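Coordinate analysis (summary)
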Amino acid sequence: MSYNNILVETQNLICKITINRPDKLNALNKATIEELSKAFKEAEKSKEVGVIILTGSGEKSFVAGADIKEFADFSTPQGKELSAKGHETLFNLVESLTTPVIAAVNGFALGGGLELAMCSHIRIASSNARMGLPEVSLGVIPGYGGTQRLAQLIGRGKAFELIFTAGMMDAETALKWGLVNEVVEQADLMATCEKMASKILNNSPNAISAAIRCVNSNYQDGVNGYEVEIEEFGKCFGTEEFKEGTQAFLEKRKPNFRK
Ligand code: COA
């Protein structure tokens, strides 16, 4: 499939999705959100993809937020629709994708950009990255899950501080607060993400998908995560991958989950 705002490249089971509007610091307009949604769905379906790495084009920005120009004259119903559609089309989709997503945060991750990084399963940042939810400086609030996921990741007090001040957190502070998993020099960012992807690729894709469902279930209303875990644990026993994993251990060899 060809896209105008993103680049998609798959090699060795790793699909790299790059948001490619560097002159606008990769701001998320409607078209980009739709293309990302399609690309994530395609990648999830593909047997050629085991891990997705999401990044921004250029050395300055991951994503500098939702495209302000696009919503500057929106009314209340349009604002609500923008948020609802974003949640459904992209942010909830990424969070519940059954293929692991690593966000390679290569610069500014602001507003919708940080929200996109936060719905990814893992975040690795370059040392120049700066993260924040500056929406209140525009008279609006984070609308792509930021008020929920930031508090989940760094705690309510620090989330309130970042949102109220519209400030930017540097990469080291983000690491300290658990907003990102690792910080590396920009030149090493992609290699570090690929190394982590390779470790993930050694393991059972089915079990990893089940783990995503279980961890996410803790954040869903009315869902008991322990119950989900019991169900998912049981289901694993019915898979070829479980047979292969346990057999390989007993035979003292490496498992091959991708036969
Ligand atoms: N929406 C639309 N366009 C954006 C954008 C956004 N969120 N963020 C950056 N851009 C555009 C700028 O308008 C500019 O375009 P132009 O050259 O056509 O004028 C271009 O990207 C470069 O940005 P610029 O502001 O000149 O870069 P900078 O290095 O001076 O500042 C930032 C970088 C990230 C601090 C600044 O761009 C910024 O504050 N962006 C908005 C962040 C934000 O509030 N995001 C939340 C949105 S809800």
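Quick notes on the rules
- Residues numbered from 1 in each chain as written.
- Predicted model: local features only at pLDDT ≥ 70, side-chain atom pairs only at ≥ 80, totals over all residues.
- Heavy atoms only, no water.
- Axes fitted to C-alpha atoms, helices over the stretch in contact; angles between N-to-C directions.
- Helix = DSSP H or I, 4+ residues; strand = E, 2+ residues; numbered from the N terminus.
- Left-handed = near helix turned anticlockwise from the far one by under 90°.
- Contact = heavy atoms within 4.5 Å.
- Nonpolar A, V, L, I, M, F, W, Y, C, P; charged D, E, K, R; others polar.
- Domains from an automatic or database assignment.
- Buried area = accessible area lost by both parts, 1.4 Å probe.
- Salt bridge = Lys/Arg side-chain N within 4 Å of Asp/Glu carboxyl O.
- Polar contact = N/O pair within 3.5 Å; in protein donor to acceptor, adjacent residues only side chain to side chain.
- Phe/Tyr/Trp six-rings, centres within 6.5 Å; stacked < 30°, edge-to-face > 60°.
- Buried < 20%, exposed > 50% of the residue type's maximum accessible area, 1.4 Å probe, protein only.
- Expected span 1.5 Å × (residues − 1).

A few words on the packing of helix 1 (residues 30–45) against helix 3 (residues 76–95). The geometry of helix 1 relative to helix 3 is characterised by a closest axis approach of 10 Å and an angle of 35° between their N-to-C directions. Helix 3 is crossed by helix 1, and the crossing has left-handed handedness. Residue-level contacts link Ile-33, Glu-34, Leu-36, Ser-37, Phe-40 and Lys-41 of helix 1 to Lys-85, Thr-89, Leu-90, Leu-93 and Val-94 of helix 3. Residue composition of the contact of helix 1 with helix 3, by class: six nonpolar, two polar and three charged.

Moving on: the domain arrangement of the chain. Many descriptions give the size of an interface as the accessible area lost when the pieces come together. Examined at the domain level, the chain breaks down into domain 1 (6–201) and domain 2 (205–250). Each of domain 1 and domain 2 was reduced to a C-alpha centroid, and the two centroids are 26 Å apart. Across the interface of domain 1 and domain 2, roughly 550 Å² is buried in total on both sides, 63% from carbon and sulfur atoms. On the domain 1 side of the interface with domain 2, the three residues burying the most area are Glu-95, Thr-98 and Gln-152, jointly 61% of the side's total. In this structure, the connection of domain 1 to domain 2 is made through zero salt bridges. Here domain 1 is connected to domain 2 by two residue pairs in polar contact (both at pLDDT 80 or more). Looking at the side of domain 1 that touches domain 2 residue by residue, the class counts come to three nonpolar, five polar and one charged.

Turning our attention to the packing of aromatic side chains. Scanning the entire structure with this criterion turns up four aromatic pairs. Seen from their ring centres, Phe-91 and Tyr-144 are 4.5 Å apart, and the 15° between their planes marks the pair as stacked. Note that Phe-91 is positioned in helix 3 and Tyr-144 in the loop between strand 8 (130–132) and helix 5 (146–154), a separation of 53 residues in sequence. Take Phe-91 and Tyr-144: they sit in the same class, and that class is buried. Linked through ring pairs, Phe-233, Phe-237 and Phe-242 together constitute an aromatic cluster.

Over its 13 residues, helix 9 (residues 205–217) runs 18 Å from end to end, which matches the ideal 18 Å to within 8%, given 1.5 Å per residue. Buried residues of helix 9: Ile-208, Ser-209, Ala-210, Ile-212, Cys-214, Asn-216 and Ser-217, and no others.

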